[in-house]
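Next come the chains, spelled out residue by residue.
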Amino acid sequence: MNDSTTALADDSLTRPFAGASPYDTYVRASVLNSLQHPLTEAPDEMGFLVTTQVMELWFTLVVHEWRAARVALAKDDLDAALDALTRSRRALTALGAAWAPIAALTPAQFNGFRAAFGQASGFQSAMYRHMEFLLGDKSAAMLRAHRGDPAVHEALGETYREPSLYDEVLAYLHRRDLPVPRHVLERDMTSPYASDPGVVEVWRQVYAGPPHHPHLTLGELLTDIAELVTRWRFEHVLVVRRAMGAKPGSAGSAGLAWLERRAARPVFPELWEVRGDL
């Protein structure tokens, strides 16, 4: 590139915009950067706010990809489903890394702003609840908690009533002549998913088959997702344990004990159980 070409390129980058920049119009960076409103002078509160908001964005992307995978599976488009699940795996990896800015908060640092957010708590996140419902961890009580916000409650209610991502996986495998039990396919979709020995057998057949079969690829992608979700949950436990120990949670929960119980809940349980049968 000669000097005149460089000058033209530089001119195009520095030419004044007629209003907001095209970048800001598309990304809405000015909106995102206007959403941080610390309530104290504590130096760690800004990091806590940004970390939490970034996680909400990752939740949104993960939910988007899992819904795309669910739709693709219902259409028997396994390639599109695998693509969406792969994208969600990358998003979940980034979600897990998002803990870093607040992972080492001391009790004194956390107490510097904890009282300011009152009864706010991460378990109140509607988008995270969409994630859990899509994983098959349905809860009428968690849905009821959002009744005060009709739009949020209605949207979450749809995810609650619809088949989970895993339900669609099992329905897809059934249509591929794998012996998914009828009672699993016809179960109440609003009930939390529970492990079934018949589904363990389905995965045993998948894992006993050809090593490069697309169904095995599906099983391993789901296992990756289950592992990343579980790692995120346990990372949450460690962050809370380090910052506040076993004190009650801000919304009145048992705090650390409650998080530990939630973290121990299995994701896609038969994919873990089948490994002992191989």
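Quick note: structure is the one above.
Please read all numbers here as calculations on a predicted model, not as lab measurements.

### Here's the deal with the packing of aromatic side chains
Summed over all chains, the structure comprises 14 aromatic pairs. Between F110 and F117 the ring centres are 6.1 Å apart and the planes differ by 40 degrees, which places this aromatic pair in the tilted class. What makes F117 partly exposed here is its relative accessible area of 21%. We note R275 situated over the ring of W272; from NZ or CZ to the ring centre the distance is 5.8 Å.

### A word on the nonpolar core
By size, the foremost hydrophobic cluster in this structure holds 72 residues, and its most contacted members are W66, L85, L92, L173, W203 and F268. Counting residues per element, this core draws most heavily on helix 13 (residues 214–244), which supplies 14 residues. Once residues within four sequence positions are removed from consideration, W203 is found in contact with Y166, V169, L170, L173, H215, G219, L222, E270, L271 and V274.

### Looking at the environment of L228
Within the secondary structure, L228 is located in helix 13. As for L228 and N111, which are separated by 117 residues in sequence, their C-alpha atoms are 29 Å apart. Excluding anything up to four places from it in sequence, L228 contacts R89, L92 and T93.

### Remarks on helix 4 (residues 45–74)
If you check helix 4, its first and last C-alpha atoms are 44 Å apart, about what 30 residues at 1.5 Å a residue would give, namely 44 Å. Every buried residue belonging to helix 4 is among E45, T51, M55, F59, V62, V63, E65, W66, A69, R70, A72 and L73, and all of these are buried. After helix 4 finishes, the residue D76 shows a positive phi value of roughly 60 degrees.

Calculation rules
Residues numbered from 1 in each chain as written. Predicted model: local features only at pLDDT ≥ 70, side-chain atom pairs only at ≥ 80, totals over all residues. Heavy atoms only, no water. Phe/Tyr/Trp six-rings, centres within 6.5 Å; stacked < 30°, edge-to-face > 60°. Buried < 20%, exposed > 50% of the residue type's maximum accessible area, 1.4 Å probe, protein only. Lys NZ or Arg CZ within 6 Å of the ring centre and 35° of its normal. Core = buried A, V, L, I, M, F, W, Y, C linked by side-chain atoms within 4.5 Å. Helix = DSSP H or I, 4+ residues; strand = E, 2+ residues; numbered from the N terminus. Contact = heavy atoms within 4.5 Å. Expected span 1.5 Å × (residues − 1).

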